[in-house]
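What the coordinates show
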Amino acid sequence: MASEGKGVLLKADPIANTFRDEIKSALSSSPRPPKLVGILATNSAPSKFYSEFTKKQCDALGVEFVLRKVGAAADESLAPGEGVEEAIIESNEDETVDGIMVYYPIFGVQQDHYLQQIVSPFKDVEGLHFKFHYNLYHNIRFLDPKTLTSSLPATSDVPAAVNDEPPPGYVKSILPCTPLAIVKCLEYIGVYNRILPYGDRAYGKTITVINRSEVVGRPLAALLANDGARVFSVDIDSIQEYTKRPRQSAEERKYHPRHVVHPTALSLQECLALSDVVVSAVPSAEYKVKTAWLKDGCVCLNVAADKNFEADVREKASVYMPTIGKVTIMMLLRNL
């Protein structure tokens, strides 16, 4: 616990441990340890650290982890990303491989997105395939596994989600690991109200997400809005509001089945002053969220490799999580 006058500094361990126990229980009834292949194609220090961290967590749980180094990761004379597509295809075709993860970024947003679509949706543990992204943005929580072989997105035939358990013949649609880890952290902290109906338990909360990348920021904003929150999505050149709440008059009120994106005239300072939760994932050591702009008693989560909050963040925040990496790995291993 924190000292008087300061918020709680919450580590990821107790949250990760909850899911670690769940994974251990599932593995105990498995006929063989699942096999996860990690593909490292650059000499990026954060990617190398993440691969080592993945191996450590897999070893501790009894998951077989194989790290395939290609490109600059295998030989400094090779270009970053060289051979990565071939490594993905080989892992797709290897029947002994249950899951594939690739350590991004490699080439840049567009080409990395292309690589994400090459990973078989049956082996995508990161939730980055377009099938899963489509479901996330359309608030489709379950899928029929047979539809993964189709190039078409899900239809309206998918049953509505009334709780966290998929109906017979369906499975949960995979969600991106980091956004899902953030949601699990917010559930643990109590931001989500369990009294409210499933799918609307973030209702009444205003959340600012700083970063609108396709890997973390945008899917996170969509997840939170689909769970009922009012979300401000902040990027370099714009701020958007994500919500499934109606904007019409009381006579025209119509709740959307999924989030809708609107422009907003609010500044970052104004968004932060309204926000019960602030999540920052800006990949820059220089970027800092100003403590003075935070709402008293808010919850702050740092998702960046570099700390995005000022040192005195707990003077305003009731709870501050400086890292969520251990929870993210647990989300990935649950998807095996």
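The structure displayed is predicted, hence computed values, not measured ones.

Observations concerning the layout of surface pockets
Of the volumes computed, that of the second largest pocket is approximately 1,000 Å³. Taken together, 41 residues line the second largest pocket, and the ones lying closest to its centre are Asp164, Lys172, Leu175, Leu180 and Arg334. The element that contributes the greatest number of residues to the lining of the second largest pocket is helix α6 (residues 177-189), accounting for five residues. Across the lining of the second largest pocket, the residue classes tally to 21 nonpolar, seven polar and 13 charged.

Considering the nonpolar core
With 53 residues, the main nonpolar core has Leu36, Leu186, Leu224, Leu301, Met330 and Leu333 as its most contacted residues. Among the elements that take part in this core, α6 stands out by supplying seven residues, more than any other. The contact partners of leucine 186, leaving out residues within four places of it in the chain, are Val191, Tyr192, Leu224, Val277, Val299 and Leu301. With 17 residues, the next largest nonpolar core counts Phe232, Val234, Leu272 and Cys300 among its residues.

Description of empty space enclosed by the protein
Under the defined criterion, the tally for this structure stands at two cavities of 30 Å³ or more. Empty space within the largest cavity amounts to approximately 50 Å³. Take the lining of the largest cavity: its biggest share by element is three residues, from strand β4 (residues 99-102). A class-by-class count of the residues in the lining of the largest cavity yields six nonpolar, one polar and two charged.

Side note on the sheet that holds strand β10 (residues 260-263)
The sheet built from eight strands is open, its strands ordered β1-β13-β12-β11-β7-β8-β9-β10 with mixed pairing. The open sheet has two free edges, formed respectively by β1 (8-9) and β10, since each of these has just one partner strand. Pairing between β1 and strand β13 (residues 319-321): two bridges, direction parallel. Residue pairing in the sheet places valine 8 in a bridge with valine 319 of β13. Across the sheet, α6 touches β11 (277-280), β12 (299-302) and β13, and the angle it forms with β12 is around 150°. Contacting β7 (206-210), β8 (230-234), β9 (239-243) and β11, helix α7 (residues 217-226) crosses the sheet at an angle of about 35° to β9.

Overview of unusual backbone geometry
Residue proline 105 is bonded to the preceding tyrosine 104 through a cis peptide linkage, with omega at 0°. A positive phi angle, close to 60°, is found at asparagine 139, a residue other than glycine. Inspection of the secondary structure assignment puts asparagine 139 in the loop between α5 (130-137) and β5 (142-143). In this structure, asparagine 211 takes a positive phi of about 125° despite not being glycine. Tracing the backbone shows asparagine 211 in the loop between β7 and α7.

Some words on the packing of aromatic side chains
In this structure the tally under the stated criterion is three aromatic pairs. On the basis of an interplanar angle of 85° and a centroid distance of 5.6 Å, the ring pair of tyrosine 50 and tyrosine 103 is categorised as edge-to-face. A residue pair is termed long-range when its members are at least 10 positions apart, and tyrosine 50 in helix α2 (residues 45-61) and tyrosine 103 in the loop between β4 and α4 (109-118) qualify at 53 residues. Consider the rings of phenylalanine 309 and tyrosine 320, whose centres lie 5.7 Å apart with planes at 70°: the pair is edge-to-face. Here the residue phenylalanine 309 occupies a position in the loop between β12 and β13, and tyrosine 320 occupies one in strand β13, the gap between them amounting to 11 residues. Tyrosine 320 matches phenylalanine 309 in its accessibility class, with the two residues each being buried. Lying across the ring of tyrosine 137, arginine 218 places its NZ or CZ 4.1 Å from the centre. Seen from the ring of tryptophan 293, lysine 290 lies directly overhead, with NZ or CZ sitting 5.8 Å from the centre.

What counts and what doesn't
- Each chain carries its own residue numbering, running from 1 in the direction its sequence is written.
- Where totals are concerned, whole chains, interfaces and linings use all residues; where local detail is concerned, this predicted model gives features only for residues with pLDDT of at least 70, and gives and counts side-chain atom pairs only at 80 or more.
- Side-chain descriptors were evaluated using all non-hydrogen atoms of the structure, hydrogens and water having been removed beforehand.
- Cavity means a closed set of points on a 1 Å grid over the protein atoms alone, one where a 1.4 Å probe fits but cannot get out, pocket means an open set with protein on both sides within 12 Å along at least 5 of 7 lines, and lining means a residue has an atom within 4 Å of a point.
- Grid points are joined across faces, edges and corners, and a volume is the space filled by probe spheres set on the points.
- Put simply, DSSP H or I for four residues or longer makes a helix, DSSP E for two residues or longer makes a strand, and each gets a number counted from the N terminus.
- Gly is placed with the polar residues, together with every amino acid not listed as nonpolar (Ala, Val, Leu, Ile, Met, Phe, Trp, Tyr, Cys and Pro) or charged (Asp, Glu, Lys and Arg).
- Think of a nonpolar core as a cluster: buried Ala, Val, Leu, Ile, Met, Phe, Trp, Tyr and Cys residues, connected wherever their side-chain atoms sit within 4.5 Å.
- With a 1.4 Å probe rolled over the protein chains alone, any residue whose accessible area is under 20% of its type maximum counts as buried; one over 50% counts as exposed, and the rest are partly exposed.
- In this description, contact between two residues means that some pair of their heavy atoms is separated by no more than 4.5 Å.
- Following DSSP output, two strands are said to pair if at least two bridges run between them.
- Think of each axis as a best-fit line through the C-alpha atoms, taken over the contacting stretch in the case of a helix, with angles from 0 to 180 degrees between the N-to-C directions.
- Under the pairing criterion, centres of Phe, Tyr and Trp rings, with the six-membered ring standing for Trp, must be within 6.5 Å; the plane angle then separates stacked pairs below 30 degrees from edge-to-face pairs above 60, leaving the rest tilted.
- Only when the NZ atom of a Lys or the CZ atom of an Arg is both within 6 Å of the ring centre and within 35 degrees of the ring normal do we say a charge sits over the ring.

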